[in-house]
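Chain by chain, the residues run as shown.
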Amino acid sequence: MHRLLRIKSPDQLAEHPRPGFPGWYDSSAIFRHQPQEHWVAVAPDHSISAECSLWWEDTPRLPDQKPGLIGHYAATDAGAAGQLLRHACSRLADRRCTLAIGPMDGSTWRRYRLLTERGTEPTFFLEPDNPDDWPDHFTHAGFHVLAGYYSAINTDLTRADPRLDRVRDRLDHLGIRLRPLAPDRFLQELEAIFTVARVSFRGNFLYTRIRQDAFIQEYQAIRPLIRSELILIAEREGEPIGFVFTLPNLRHGERGPSTDTAILKTVATLPDRQYAGLGSLLVAETQSRARDLGYHRVIHALMHQGNHSINVSSRYATPFRRYSLFANQLSS
């Protein structure tokens, strides 16, 4: 049996050796995300075999449920993982949560879900990765799959959707223009993107609100890595109504740096019927620009199986990787 210990500060966490392989969090990130509690399973040699954070305040809304979140999850020992996950569920139940959801680092704006079907494609930039046995840790502790996600890849950037000609003409008649992000106004551009994202994502599964400064902080970290030509903002009379955020794939894989691949990370539009088709147009335009810049492939990353974006993606891309988010019904 491992000893379960609540960690209240980075200094306390530093007292115990922690594995350094991918999937384990830097202690500064753990406490920056302000969980209500952070717990570790400590082995007899005082090293950490498993850890996780808990949130029960300001969690996503679900009908007839009070969700609690388990995030910052990592484990090297299946026994310690089961012991810790059962304890986490007990702690959330003590806080009157009825459903434990994980892994999720406080909200869907941060890292969440587990890679469950790896496939043969190397992992890509900003993709969540984890040891293959971590999903078993959750299912063996009584969790079931709450939601599924997948990534798909388009290997033919010459493919066009002829239906978009009519959409382009209609949106042009409305005065809607697409432009690339202005890198010399990066902060203001993120503020514009945020005004669209907070409205567009409001109906997404497990949505929670986020402050503008927290949103900007997440994107500021990758500022040196972007190509502004791949980030498009749709405007009407100077006001943002949609955007697509695409990045170069800078992750080193089995073939080395994937400079031939771009990652379509996010597409969003304001929910107004007159803007119908704008999301499809943004995807098509960013793929066309990626081709002109010398990219040969575009990854459509981390899509929820129930989102409208899948209808757009399926016109171009083929799934190659799957992910799952887990949940456990709690007893009072």
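Residues numbered from 1 in each chain as written. Predicted model: local features only at pLDDT ≥ 70, side-chain atom pairs only at ≥ 80, totals over all residues. Heavy atoms only, no water.

Draft legend 1. Representation of the packing of helix H6 (residues 186-200) against helix H7 (residues 212-220). Taken N-terminus to C-terminus, the directions of H6 and H7 make an angle of 120 degrees; their axes are 10 Å apart at the nearest point. Classified by the angle between their axes, H6 and H7 sit oblique to one another. For the pair H6 and H7, the sense of crossing is right-handed. Along the contact surface, H6 presents Phe186, Leu187, Leu190, Glu191, Ile193, Phe194 and Ala197, while H7 presents Gln212, Phe215, Ile216, Tyr219 and Gln220. (Axes fitted to C-alpha atoms, helices over the stretch in contact; angles between N-to-C directions. Helix = DSSP H or I, 4+ residues; strand = E, 2+ residues; numbered from the N terminus. Parallel < 35°, antiparallel > 145°, perpendicular 65-115°, else oblique. Left-handed = near helix turned anticlockwise from the far one by under 90°. Contact = heavy atoms within 4.5 Å.)

Draft legend 2. How the structure looks around the pattern of salt bridges. Under the definition given, this model contains 19 salt bridges. For Glu117, the salt bridge goes to Arg322, with nearest N and O atoms at 4.0 Å. Of the two residues, Glu117 is situated in strand E6 (residues 114-117) and Arg322 in strand E15 (residues 318-329); the sequence distance between them amounts to 205 residues. The exposure class assigned to Glu117 is partly exposed, which follows from its relative accessible area of 46%. Here Arg179 ties to Glu235 by a salt bridge, and the two come within 3.0 Å at their closest N and O atoms. Note that Arg179 is positioned in strand E8 (residues 176-180) and Glu235 in strand E9 (residues 232-236), a separation of 56 residues in sequence. (Salt bridge = Lys/Arg side-chain N within 4 Å of Asp/Glu carboxyl O. Buried < 20%, exposed > 50% of the residue type's maximum accessible area, 1.4 Å probe, protein only.)

Draft legend 3. Broad picture of the state of the cysteines. Taken as a whole, this structure holds zero disulfides when the rule is applied. Sulfur of Cys52: no disulfide; nearest cysteine sulfur belongs to Cys89 and is 8.9 Å away. The exposure class assigned to Cys52 is buried, which follows from its relative accessible area of 1%. Sulfur of Cys97: no disulfide; nearest cysteine sulfur belongs to Cys89 and is 10 Å away. (Disulfide = S-S within 2.5 Å.)

Draft legend 4. Examining the packing of aromatic side chains more closely. Per the stated rule, a full pass over the model turns up twelve aromatic pairs. Ring geometry for Tyr73 versus Trp134: centroids 5.5 Å apart, planes at 80 degrees, classification edge-to-face. Of the two residues, Tyr73 sits in strand E4 (residues 67-75) while Trp134 sits in helix H4 (residues 134-140), which places them 61 residues apart along the sequence. What makes Trp134 buried here is its relative accessible area of 1%. Ring plane angle 85 degrees and centroid distance 5.7 Å describe the contact between Tyr112 and Tyr149, whose orientation is recorded as edge-to-face. Of this pair, Tyr112 sits in the loop between strand E5 (99-102) and E6 while Tyr149 sits in strand E7 (residues 144-154), and the two are 37 residues apart along the sequence. Here Tyr112 and Tyr149 have matching classes, each one buried. Residue placement shows Arg113 over the ring face of Tyr112; its charged tip is 3.9 Å from the ring centre. (Phe/Tyr/Trp six-rings, centres within 6.5 Å; stacked < 30°, edge-to-face > 60°. Lys NZ or Arg CZ within 6 Å of the ring centre and 35° of its normal.)

Draft legend 5. Here's a closer look at the confidence of the model for the protein chain. Looking at the protein chain, the pLDDT average stands at 92 and 96% of residues meet or exceed 70. Counting contacts from residues 252-258, a segment whose pLDDT is below 50, to residues more than four positions away or on other chains yields ten contacts. (pLDDT = per-residue confidence, 0-100.)

Draft legend 6. The arrangement of the nonpolar core in detail. In terms of nonpolar packing, the biggest core is built from 44 residues, with Ile101, Ile193, Phe215, Phe243, Phe245 and Leu325 touching the most fellow members. Taken together, the elements giving at least two residues each to this core come down to E5, E7, H6, H7, strand E10 (239-248), strand E13 (261-269), strand E14 (297-304) and E15. In terms of residue count, H6 provides more of this core than any other element does, six residues in total. Discounting chain neighbours no more than four positions away, the residues touching Ile193 are Leu181, Phe215, Ile231, Ile233, Phe243 and Phe245. Judged by nonpolar contacts, the second largest core, of 36 residues, contains Trp24, Tyr25, Val42 and Cys97. (Core = buried A, V, L, I, M, F, W, Y, C linked by side-chain atoms within 4.5 Å.)

Draft legend 7. Main features of H7. Within the span of H7, buried status applies to Ala214, Phe215, Ile216 and Tyr219. Its buried side turned inward, H7 meets H6, E10 and E13.

Draft legend 8. Main features of unusual backbone geometry. Looking along the chain, the bond that leaves Gly102 and enters Pro103 is cis, with omega of -10 degrees. Mapped onto the elements of the fold, Pro103 is located in the loop between E5 and E6. Not every positive phi belongs to a glycine, and His46 is a case in point at roughly 75 degrees. Assignment of secondary structure puts His46 in the loop between strand E2 (37-42) and strand E3 (48-55). Classification of His46 by relative accessible area gives partly exposed; the value is 47%. Positioned with a positive phi, Glu237 is a non-glycine residue whose angle comes to about 55 degrees. If you trace the backbone, Glu237 turns up in the loop between E9 and E10. Owing to a relative accessible area of 77%, Glu237 belongs among the exposed residues under this scheme.

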